[in-house]
Amino acid sequence: MEENVLEIENLSKSYGKVKAVSGLSLTISKGQVFGLLGPNGSGKTTTLGIVLGATLPQSGDFRWFGKSLSSKSLKRIGAILEHPNFYPYLSATDNLRIIAQIRNVQESDTDRVLRMTGLFDRRKHHFQTYSFGMKQRLAIASAMLGNPEVLILDEPTNGLDPGGIAEIRDLITHIASEGATIVLASHLLDEVQKVCSHVAVLQRGEKLFSGNVEEVLSNTETLLIASDDLIKLEQAIINYPDYLSHTINNGIIELKTNGVCHPDQVNQYLSNQDIFCSHLSLRRKTLESYFLELTGSKSASSSK
Amino acid sequence: MKKILSALHPEWIKIQKYRTFWILTGIYAATLVLLLFSLQEILSNSSANVNNKSSMPIPTIPFYVFPGVWQNLTYIAGYLKIFPAFLIIILITNEFTFKTLKQQIISGTSITEFLIGKIGLIFLLSVSVAMLVGISAFIAGLIQSKPDFNQIFSTKLYFIPVHALELFTYLMVAASFAFLLKRAGITVIAFLLYSLILERILVFKLPWHIGKFLPIEAIGHLIPVPNTQIMQRFGVSFNENTSMQAVFTCFAWIIILTLVIYGLLKKRDL
């Protein structure tokens, strides 16, 4: 059985009348790269704040590594929450030394994480002289001190330029490949789609969906087929064994199948019936369009 | 002990390169030493002035004579304790302004460890200032009076540790305001209002057997006003010894305030 890193049960938190998190349950297993998706104000940061002990929940429970939260379990977790918070009058190295001291990590490890995040050359400069992107990198560096088993990254690419975003994405993929569990909160769906294995979608503090990214996306797959004889094609398609539904759009049939869609098998099936395709392509919705569908936005139909 | 040291190490990194802290500390220490060493001159000057107009001769007060110097200087040093209180307020409210307390908690500091660090710092600051006052008193005494070991190491030497207790309790009150209010400006204003005005009104309004247990009031009873010859001449005689009740009240406040701060941090979103 998979080992559960974090289990959240029925967590709720309100700020006055606003329900920031409402009855949220989630399970994150070892080795997952878990995306926490949701628009601004959907409760991502509040949820992470609660499981990290910075915010008190009103009700509900959560367990890290099967136990309730302690500073001992927090030492196994590297986290960035909201904005990078450091002493402005201290250098990057000194700021990291404080965190290293807290986490019982060798101070020499600060150089390693500064190199990984591209800050090594600026390590002696005061934090207050950093650009926002550099501050964000320092936050990521501090989260990586001592190679924690779990990384929690709240909007890690905030404020980074495109090059920086790509670097951080590679870094996350690299860390994940070494077996760490990563929780990534973001409103950038493209980001999550590129790096996450699992995803949960939040809206107004409630969980709309959670599951495997591959499964989510394969459910949205559509096969686009066209042929000279559209009526014959449509007839054949309806009789296809895994047929689920279809629509016709501009002379192109959009087919949905049960389970995973196999274009090669469809092609084989049609040619067996002497139907030859003039167009055959698989369209997979992006997480973004799926997300917009889930959250009920009107632009749901626009897929890339 | 190891736990205390490991909680103090991050605190040391935080202040080690904090210019504002060292500049303020330097100004405070210099002012303190300067004040302690120029007291004799100030007092002699003023008694000379008074003598010019007074029909009654006022004697020059031997300020630096052992063993009185221990009490005289610790009593005067008490007037400057507002400066270390500002330092502590800045160091604590910084953790909220920079949100570094939150960062440290999610990095795995427990609230207990964090508090040990901060209270440890307050303790070290109190002891250091008391030692500075002690060394100043020792030097001033040696310069201006005949060294007599019986007089130097008299029981009045206990005013040095009592001064440390005075500072420690006072700084804990300041720290409580800082933890409660989180912002430097408002903390300084509230602390000044409370310690200079509000508590005095309370002491005045409350029955004495309750009022004397208020923190600033109790701190004020630790080092009594020195019983100088001038006072005796006017027929005023003050209690020369530290009130044990005040000592116990201060220790009680230190414990109460520690628990209050702990509860505050536990019960509040960071």
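Calculation rules
- Residues numbered from 1 in each chain as written.
- Chains lettered and ligands numbered in written order.
- Predicted model: local features only at pLDDT ≥ 70, side-chain atom pairs only at ≥ 80, totals over all residues.
- Buried ≥ 20, exposed ≤ 12 C-beta atoms within 10 Å, placed from the backbone.
- Helix = DSSP H or I, 4+ residues; strand = E, 2+ residues; numbered from the N terminus.
- Pairing = 2+ DSSP bridges.
- Core = buried A, V, L, I, M, F, W, Y, C linked by C-beta atoms within 7 Å.
- Contact = placed C-beta atoms within 7 Å.
- Axes fitted to C-alpha atoms, helices over the stretch in contact; angles between N-to-C directions.
- Left-handed = near helix turned anticlockwise from the far one by under 90°.
- Nonpolar A, V, L, I, M, F, W, Y, C, P; charged D, E, K, R; others polar.
- pLDDT = per-residue confidence, 0-100.

**Q** It is not clear to me how the pairing of strand E11 (residues 243-249) of chain A should be interpreted in this structure. Could you clarify?
**A** On a regular strand, each side chain points to the face opposite its neighbour's, so the side chains alternate between the two faces of the sheet. Residues and elements named next belong to chain A. The element E11 is barely covered by neighbouring structure, given that only zero of its seven residues are classed as buried. In this sheet, strand E12 (residues 252-257) lies alongside E11 in antiparallel orientation, the contact comprising six bridges. Bridge pairing in E12 links Ile 248 to Ile 253. Hairpin connection between E11 and E12: a loop of two residues separates the two successive antiparallel strands, and Asn 250 in this loop has a positive phi of roughly 55°.

**Q** Help me out: how do you make sense of the nonpolar core in this one?
**A** Of all hydrophobic cores here, the largest spans 78 residues; its most connected members are Leu37(A), Leu52(A), Ile152(A), Ile182(A) and Leu184(A). When residues no more than four places from it in sequence are discounted, the contact partners of Leu184(A) are Val33(A), Phe34(A), Gly35(A), Leu36(A), Leu153(A), Pro156(A), Ile172(A), Val192(A), Val195(A) and Cys196(A). Of all hydrophobic cores here, the second largest spans 54 residues; its members include Leu87(B), Ile89(B), Val133(B) and Tyr170(B).

**Q** Would you mind going over the sheet that holds strand E8 (residues 198-203) of chain A with me for this structure?
**A** Two orientations exist for strands paired in a sheet by backbone hydrogen bonds: parallel and antiparallel. All names here are of chain A. Spatially, E5-E6-E7-E3-E8-E9 is the arrangement adopted by the six strands of the open sheet, whose pairing is mixed. Taken across any chain shown, the strands that pair with only one partner, and hence form the sheet edges, are strand E5 (77-80) and strand E9 (206-212). Pairs of neighbouring strands in the sheet enclose a mean axial angle of 10°, with direction left out of account. Here strand E3 (residues 33-37) pairs with strand E7 (residues 181-186) via five bridges, running parallel. Paired with Phe 34 across the two strands is Val 183, which belongs to E7. Against the sheet, helix H1 (residues 44-51) touches E3, strand E6 (150-154), E7 and E8, its axis set at about 145° to E6. Those strands touched by helix H5 (residues 132-144) are E5 and E6, and its axis lies near 165° from that of E5.

**Q** Would you take a moment to explain the packing of helix H4 (residues 82-97) of chain B against helix H9 (residues 184-205) of chain B for this structure?
**A** To describe two helices that pack against each other, one gives the angle between their axes and the distance between the axes. Residues and elements named next belong to chain B. Taken N-terminus to C-terminus, the directions of H4 and H9 make an angle of 145°; their axes are 9 Å apart at the nearest point. Two packed elements cross with a definite hand, and for H4 against H9 that hand is right-handed. Here Ala 85, Phe 86, Ile 89, Ile 90 and Thr 93 of H4 come into contact with H9, specifically with Ala 184, Thr 187, Val 188 and Phe 191. Per-class residue counts for the contact of H4 with H9 are seven nonpolar, two polar and no charged.

**Q** Looking at this structure, how should I read the confidence of the model for chain B?
**A** Regions with low pLDDT carry predicted coordinates that are not meant to be interpreted in detail. All names here are of chain B. On average, residues of chain B carry a pLDDT of 88, and 90% of them reach 70 or more. By mean pLDDT, helix H12 (residues 229-233) is the weakest element of chain B at 59, and helix H8 (residues 159-181) is the strongest at 97. Under the prediction, the complex receives an ipTM of 0.87, its pTM being 0.85.

**Q** Help me understand the interface of chain A and chain B in this model?
**A** The accessible area lost on association of the parts is a frequent measure of interface size. Taken together, the contact between chain A and chain B spans 23 residues of the former and 21 residues of the latter. Secondary-structure elements contributing two or more residues to the side of chain A that touches chain B are helix H2 (71-74) and helix H3 (92-102) of chain A. The element best represented in the side of chain A that touches chain B is H3(A), accounting for six residues. Split by residue class, the side of chain A that touches chain B holds 14 nonpolar, five polar and four charged.

**Q** How should I be thinking about the sheet that holds strand E13 (residues 277-283) of chain A in this particular structure?
**A** All names here are of chain A. Spatial ordering of the open sheet is given by E11-E12-E10-E13, a layout of four strands whose pairing is antiparallel. Strands at the two margins of the open sheet, each flanked by one partner only, are E11 and E13. Between one strand axis and the next, the sheet turns by 20° as a mean value, whatever way the strands run. As judged from the six bridges shared by strand E10 (residues 222-227) and E13, these two strands associate in the antiparallel manner. Looking at E13, one finds that Ile 225 is bridged to Leu 280. Contacts between helix H10 (residues 263-272) and the sheet are confined to E10 and E13, with E13 contributing the most and set at about 155° to the helix.

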